[in-house]
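Tertiary structure, described
One-letter residues, chain by chain:
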Amino acid sequence: DAKTTQPPSMDCAEGRAANLPCNHSTISGNEYVYWYRQIHSQGPQYIIHGLKNNETNEMASLIITEDRKSSTLILPHATLRDTAVYYCIVRVVGNTGKLIFGQGTTLQVKP
Amino acid sequence: AAGVIQSPRHLIKEKRETATLKCYPIPRHDTVYWYQQGPGQDPQFLISFYEKMQSDKGSIPDRFSAQQFSDYHSELNMSSLELGDSALYFCASSPPPGRSYQETQYFGPGTRLLVL
């Protein structure tokens, strides 16, 4: 699976949008971009995933660049409960493939 | 909605003892994954099962073994425990392969293993 690069940490004010970037310049055509988050020692929580189109669900939006070499996870109105480590993972779908977690971004939402 | 169930949630063992961790996937999920997360580290893949057969293997020590049963639950057996095995162990499950959204992995709350 392709590797991803994320900033180690970011801060965000409560109520503001949190924009978390991810670089995946070696992504293959059949690899999806997945986002998970882990709130202190809890099980990783699925957020969203996409292939090439932008995606939105009740938790977040995922913006993928046209060349698919990078993406941004957007939490539209961050709350203190969104403080967590956010992982961007690329993964081939269709082979029950494992998730390879990188270092992730620690997002600190501040009052 | 039903989630992945892991038991026990906490486990304390002595060195050289054995431990068995259990994972009950979300209903109708047929693939199970095991991950290990050491202190201050990111989760690392150990092993996975699809339809009761091992589908992939990561950096799992030879002292560890796992299997998936006919009801799709899985057990991770750990023998000759070492201090370095102290970690969080997560199980995840996913539905049958197919459309992308169906292969999303959903994680359980984890088992915290402490080896003394």
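For the structure itself, look to the data block above.
Residues numbered from 1 in each chain as written. Chains lettered and ligands numbered in written order. Predicted model: local features only at pLDDT ≥ 70, side-chain atom pairs only at ≥ 80, totals over all residues. Heavy atoms only, no water.

**Structural notes on the packing of aromatic side chains**
- Counted under the stated rule, the structure contains 11 aromatic pairs over all chains.
- With 5.0 Å between their ring centres and 90° between their planes, Tyr87 of chain A and Phe101 of chain A make a pair best called edge-to-face. Here Tyr87 of chain A, found in strand β8 (residues 84-92), pairs with Phe101 of chain A, found in the loop between β8 and β9 (105-110); they are 14 residues apart in sequence, far enough to count as distant.
- Among the residues examined, Tyr87 of chain A registers a relative accessible area of 2% and is labelled buried.
- In textbook terms, an aromatic cluster arises when at least three aromatic residues are bridged by ring pairs, as seen for Tyr34, Tyr36, Tyr46, Tyr87 and Phe101 of chain A together with Tyr35, Phe45, Tyr106 and Phe107 of chain B.
- It is Arg91 of chain A that lies over the ring of Tyr34 of chain A; its NZ or CZ is 5.5 Å from the centre. (Phe/Tyr/Trp six-rings, centres within 6.5 Å; stacked < 30°, edge-to-face > 60°. Helix = DSSP H or I, 4+ residues; strand = E, 2+ residues; numbered from the N terminus. Buried < 20%, exposed > 50% of the residue type's maximum accessible area, 1.4 Å probe, protein only. Lys NZ or Arg CZ within 6 Å of the ring centre and 35° of its normal.)

**What to know about a nonpolar patch on the surface**
- A cluster of nonpolar residues, Ile12, Leu114 and Leu116 of chain B, forms a patch on the protein surface that exposes about 290 Å² of accessible area.
- Inspection of the secondary structure assignment puts Leu114 of chain B in strand β11 (residues 111-115). (Patch = residues over 30% accessible without salt bridge, like charges linked within 9 Å, V, L, I, M, F, W, Y side chains within 5 Å. Areas by Shrake-Rupley, 256 points an atom, 1.4 Å probe, with all protein chains shown as cover. Salt bridge = Lys/Arg side-chain N within 4 Å of Asp/Glu carboxyl O.)

**Description of the sheet that holds strand β2 (residues 18-23) of chain A**
All names here are of chain A.
- Taken together, the 4 strands give an open sheet; going across it, the order is β2-β7-β6-β5, and neighbouring strands pair in antiparallel fashion. Lying at the two open borders of the sheet, with one neighbouring strand each, are β2 and β5 (55-56).
- Sheet topology note: the strand β6 (residues 61-64)/strand β7 (residues 70-75) ladder contains 4 bridges and is antiparallel. Within β7, the residue paired with Ser61 across the bridge is Ile74. (Pairing = 2+ DSSP bridges.)

**Details of the sheet that holds strand β1 (residues 5-7) of chain B**
All names here are of chain B.
- Within the open sheet, the 4 strands sit side by side as β1-β3-β8-β7. Their pairing is antiparallel. A strand with exactly one partner marks an edge of an open sheet, and here the two such strands are β1 and β7 (64-68). Averaged over all neighbouring strand pairs, the angle between strand axes comes to 15°, with direction disregarded.
- Sheet topology places strand β3 (residues 19-24) next to strand β8 (residues 74-78); 5 bridges connect them, and they run antiparallel. Looking across to β8, one finds that Cys23 is bridged to Ser74. (Axes fitted to C-alpha atoms, helices over the stretch in contact; angles between N-to-C directions.)

Scope: geometric values only; no functional claims are made or implied.
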